[in-house]
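Descriptive analysis of the structure
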Amino acid sequence: MTITVRAAAKFNLHLGVGPVREDGFHPLATVYQAIGLYDDVTVSEAAEWQVTLTAADHIALGEIPTGDDNIVVRAGKALAAHHGIDKAAKVAIHKGIPVAGGLAGGSADAAATLVALDRLWSLETSDEDLLSLAGDLGSDVPFALIGATAIGGGRGEIVEPVTDNGAWWWVAVGNEQGLSTPAVYRAFDEHAGTAVGDPQVPESLLMALEKGDAELLAEALANDLQAPALALRPDLAQTFADGAEAGALAVQLSGSGPTVLMLCRDAAHAREVAGAMQAKAYDRVWTAPGPVAGAHVAPNSPNPPRRHPRGSSRQWRRP
């Protein structure tokens, strides 16, 4: 038997970064949104761990590891250890999320693996335990389970869904040259120094989400890592300028980059902006709705979820 689980990319509508902690992490106050770019993770029984990778058009796989250091293998081993079982699996990942682009594709794969193996092995892991395992794997993995729109605290792993009445549309513009997350955080520390206070999620952003107002959301978007990232990669400023010229309501770096997200009024407007960016010779351009659901069993797997996976309810329950 095989189980396929789909997990979405994430975009930080707001990314507030605090001063580095003693453990080396930065406290975050962020608002995540899951957007409609997906990886599909298919698992099946195997005597030892195996990882295979394929990708959609215009997705470069790069240097993704396929051994024990791949996050999906770590996720599977953590789930097996949690239940005290000695099992392995074959994990086939089909990438539709740009790699190393600040869209948390690896975290999405880890979340999908947890859900898929829990179903394959009939473990019935509690939601609370899955979230705990996800948090140990990485800061963005718990949100990849939950999806929709949520506030992230701590180092990003403490998530709480928020009211989002919008039907948002984004244009994502990728870049073939990666951008190191640790390097961006080091640049942030050097730029901000000791002047950084505790980060907060702005009420104006939460109000824009509740009202479903794209103009208000455009004004409320913010990313504290954007300035240091652009200092490291000044070439990305041209993408920002081109996005504004193409008519996007707002342009913002996704996480630590280098993918740039452009807010649009609706699907038709997103197609117009995407077309304008492609006309400017950008070849990695995608349109994506949001919010969408977190990791969920795909319709072609046994016992698929009955509800449409647009987003999560306020109290997360696994589909």
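This is a predicted model, so every value here is computed, not measured. (Residues numbered from 1 in each chain as written. Predicted model: local features only at pLDDT ≥ 70, side-chain atom pairs only at ≥ 80, totals over all residues. Heavy atoms only, no water.)

We now examine the pattern of salt bridges. Taken as a whole and assessed by the stated rule, the structure comprises 7 salt bridges. Residue Asp68 is joined to Lys77 by a salt bridge in which the shortest nitrogen-to-oxygen separation is 3.4 Å. In this structure Asp68 comes out as exposed when scored by relative accessible area, which is 51%. Taking relative accessible area as the criterion, Lys77 reaches 37% and is therefore assigned partly exposed. (Salt bridge = Lys/Arg side-chain N within 4 Å of Asp/Glu carboxyl O. Buried < 20%, exposed > 50% of the residue type's maximum accessible area, 1.4 Å probe, protein only.)

Take the sheet that holds strand 11 (residues 285-290) next. With antiparallel pairing, 4 strands are arranged side by side in an open sheet as 9-10-7-11. Edge strands, defined here as strands with exactly one partner in the open sheet, are strand 9 (250-253) and strand 11. Put simply, the sheet's adjacent strands are angled 25° from each other on average, direction ignored. Taken together, the 5 bridges between strand 7 (residues 168-173) and strand 10 (residues 260-264) define a ladder with antiparallel strand orientation. Paired with Ala172 across the bridge in strand 10 is Leu261. Packing against the sheet, helix 9 (residues 236-245) makes contact with strand 7, strand 9 and strand 10, and its axis sits at approximately 160° to strand 9. (Pairing = 2+ DSSP bridges. Helix = DSSP H or I, 4+ residues; strand = E, 2+ residues; numbered from the N terminus. Axes fitted to C-alpha atoms, helices over the stretch in contact; angles between N-to-C directions. Contact = heavy atoms within 4.5 Å.)

Membership of the largest hydrophobic core comes to 65 residues, with the highest contact counts inside it found for Ile35, Leu37, Trp121, Trp170 and Leu217. Other than its neighbours up to four places away in sequence, Ile35 contacts Ala8, Ala9, Phe11, Leu103, Trp170, Leu261, Ala288, Pro289, Gly290 and Val292. (Core = buried A, V, L, I, M, F, W, Y, C linked by side-chain atoms within 4.5 Å.)

On to helix 2 (residues 105-120), then. Taking 1.5 Å of rise per residue, 16 residues should cover 22 Å, and helix 2 covers 22 Å from first to last C-alpha, within 8% of that figure. Summarising burial for helix 2: 14 of the 16 residues are buried, a large majority. In the stretch just after helix 2, Ser122 is the one whose phi turns positive, near 55°. (Expected span 1.5 Å × (residues − 1).)

Chain-level pLDDT for the protein chain is 90 on average; 93% of the residues reach the 70-or-more range. Per-residue pLDDT stays below 50 along residues 304-319; that stretch engages in 42 contacts with residues further than four places along the chain or on separate chains. (pLDDT = per-residue confidence, 0-100.)

Here Gly197 lies in the loop between helix 5 (181-192) and helix 6 (203-211). For Gly197, a relative accessible area of 42% corresponds to the partly exposed category. If sequence neighbours within four positions are ignored, Gly197 has contacts with Val17, Gly18 and Pro19.

Turning to the packing of aromatic side chains, a few remarks are in order. This structure, assessed with the given rule, holds 3 aromatic pairs. Measuring from centroid to centroid gives 4.6 Å for Tyr32 and Phe143, while their planes differ by 15°, and the two rings are stacked. Here Phe143 lies in helix 4 (residues 141-146) and Tyr32 lies in strand 2 (residues 28-46), a separation of 111 residues in the sequence. On the basis of relative accessibility, which here comes to 1%, the residue Tyr32 falls in the buried class. Phe143 gets classed as buried once you look at its relative accessible area, which sits at 2%. (Phe/Tyr/Trp six-rings, centres within 6.5 Å; stacked < 30°, edge-to-face > 60°.)

Strand 10 sits mainly inside the fold: 5 of its 5 residues count as buried. The side-chain alternation of strand 10 yields two buried faces, one formed by Val260, Met262 and Cys264 and the other by Leu261 and Leu263. Both strand 9 and strand 10 contribute to a ladder of 4 bridges, which runs antiparallel. From the neighbouring strand, Gln252 faces strand 10, where its bridge partner is Leu261. Counting the residues that bridge the hairpin from strand 9 to strand 10 gives 6 residues, and of these Gly255 lies at a positive phi of roughly 55°.

In this section: the side chain of Thr30. Residue placement: Thr30 occurs in strand 2. A distance of 2.7 Å separates polar atoms of two side chains, one belonging to Thr30 and the other to Asn12. If we ignore the near neighbours within four places in the chain, the residues touching Thr30 are Asn12, His14, Leu15, Ala150, Ile151, Gly152 and Val201. (Polar contact = N/O pair within 3.5 Å; in protein donor to acceptor, adjacent residues only side chain to side chain.)

For the rest of this paragraph, the subject is the side chain of Ser44. As for its placement among the helices and strands, Ser44 is situated in strand 2. For Ser44, a relative accessible area of 17% puts it in the buried group. Setting aside its immediate chain neighbours within four residues, Ser44 contacts Met1, Thr2, Ala89, Lys90 and Leu120.

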